[in-house]
Amino acid sequence: MARCGNRLLLVAAMLLMAASGAAAGDGQVDTIQDIFRHLRTCWRPPPPARARPLDITVVVSFNRSGNILGHPRISYESAEASDNDRLQYRIAVMEALQRCTPMPFTDAMAGAAAGRPFAIQFRSRRTSPDKTSPPTQERRA
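Fair warning: this is a prediction, and the values are worked out from it, not measured in the lab.

Trainee: So what's going on with helix α2 (residues 32-42)? Which residues, and what values?
Mentor: Within α2, burial applies to D34, I35, L39 and C42. On an axial view of α2, the arc spanned by its buried residues comes to 135 degrees, and they lie on one face. Turned more than 90 degrees off the buried face of α2, the exposed positions are R40 and T41.

Here you go:
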């Protein structure tokens, strides 16, 4: 009898794992990593003709429905960026957030993510910085 109970428990566990895998596999966001992956699919940096590549970080929170909660806040931009570069990248970040929301949270992730601030880095550097030059000061927004 114990052997039959163990088999049922194993089958139930496998079905539960398959169900959660299917939910996450059909485009739904089930983990924190999925949030970042999902946002990356929406990211379209400005073309080099409009702005030089830079790094930018936005802090954003979501409600249970996956909509943006409050106002996203830029917390970091590369120090060497011009005002035009910053403007173009801020627009691109806000467009990415619009394209990706509402975030398609699973029920479990909706409860875990609701109200929690996420610092999302959008990187578009095409080359790595020169190792021989002194480090640049980062600019906080």
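Trainee: Give a detailed account of the sheet that holds strand β1 (residues 55-62), specifying residues and quantitative values.
Mentor: The strand order across the open sheet built from 3 strands is β2-β1-β3, with neighbouring strands paired in antiparallel fashion. Edge positions in the sheet fall to β2 (68-77) and β3 (118-123), since each has one partner strand and no second. Strand-to-strand twist in this sheet, taken as the mean axis angle between neighbours without regard to direction, amounts to 25 degrees. Across 6 bridges, the pairing between β1 and β2 is antiparallel. If you follow V59 over to β2, its bridge partner there is R73.

Trainee: Got a sec to walk through the confidence of the model for the protein? Specific residues and values, please.
Mentor: Averaged over all residues, the pLDDT of the protein is 79; the fraction at 70 or higher stands at 70%. For the protein, per-element mean pLDDT is lowest for helix α1 (residues 2-25), which scores 39, and highest for β1, which scores 97. For the stretch residues 4-25, pLDDT sits under 50, and the model shows 5 contacts to residues farther than four places along the chain or on other chains. A low-confidence stretch, residues 127-136 (pLDDT under 50), is modelled with 1 contact involving residues beyond four sequence positions or located in other chains.

Trainee: Explain the state of the cysteines to me, and be specific about the residues and the numbers.
Mentor: Counted according to the given criterion, the structure contains 1 disulfide. Paired through a disulfide, C42 and C100 show a sulfur-sulfur distance of 1.8 Å. Across the S-S bond linking C42 and C100, the dihedral sits near 100 degrees, which makes this disulfide right-handed. You can see C42 sitting in helix α2 and its partner C100 sitting in helix α3 (residues 83-100), a full 58 residues away along the chain. The burial state of C42 is the same as that of C100; both residues are buried.

Trainee: Describe the pattern of salt bridges, and please don't skip the residues or the numbers.
Mentor: Taken as a whole, this structure holds 5 salt bridges when the rule is applied. Taking the shortest distance from any N to any O, the salt bridge between D34 and R37 comes out at 2.6 Å. Residue D34 and its partner R37 are both found in helix α2; the two are separated by 3 residues, about one turn of the helix. On the accessibility criterion, D34 (16% relative accessible area) is buried. Across the pair R90 and E77 runs a salt bridge whose closest N-O atoms are separated by 2.7 Å. One end of the pair, R90, is in helix α3; the other, E77, is in strand β2, with 13 residues separating them in the sequence.

The rules behind these values
- Residues numbered from 1 in each chain as written.
- Predicted model: local features only at pLDDT ≥ 70, side-chain atom pairs only at ≥ 80, totals over all residues.
- Heavy atoms only, no water.
- Buried < 20%, exposed > 50% of the residue type's maximum accessible area, 1.4 Å probe, protein only.
- Helix = DSSP H or I, 4+ residues; strand = E, 2+ residues; numbered from the N terminus.
- Arc of directions from axis to C-beta.
- Pairing = 2+ DSSP bridges.
- Axes fitted to C-alpha atoms, helices over the stretch in contact; angles between N-to-C directions.
- pLDDT = per-residue confidence, 0-100.
- Contact = heavy atoms within 4.5 Å.
- Disulfide = S-S within 2.5 Å.
- Salt bridge = Lys/Arg side-chain N within 4 Å of Asp/Glu carboxyl O.

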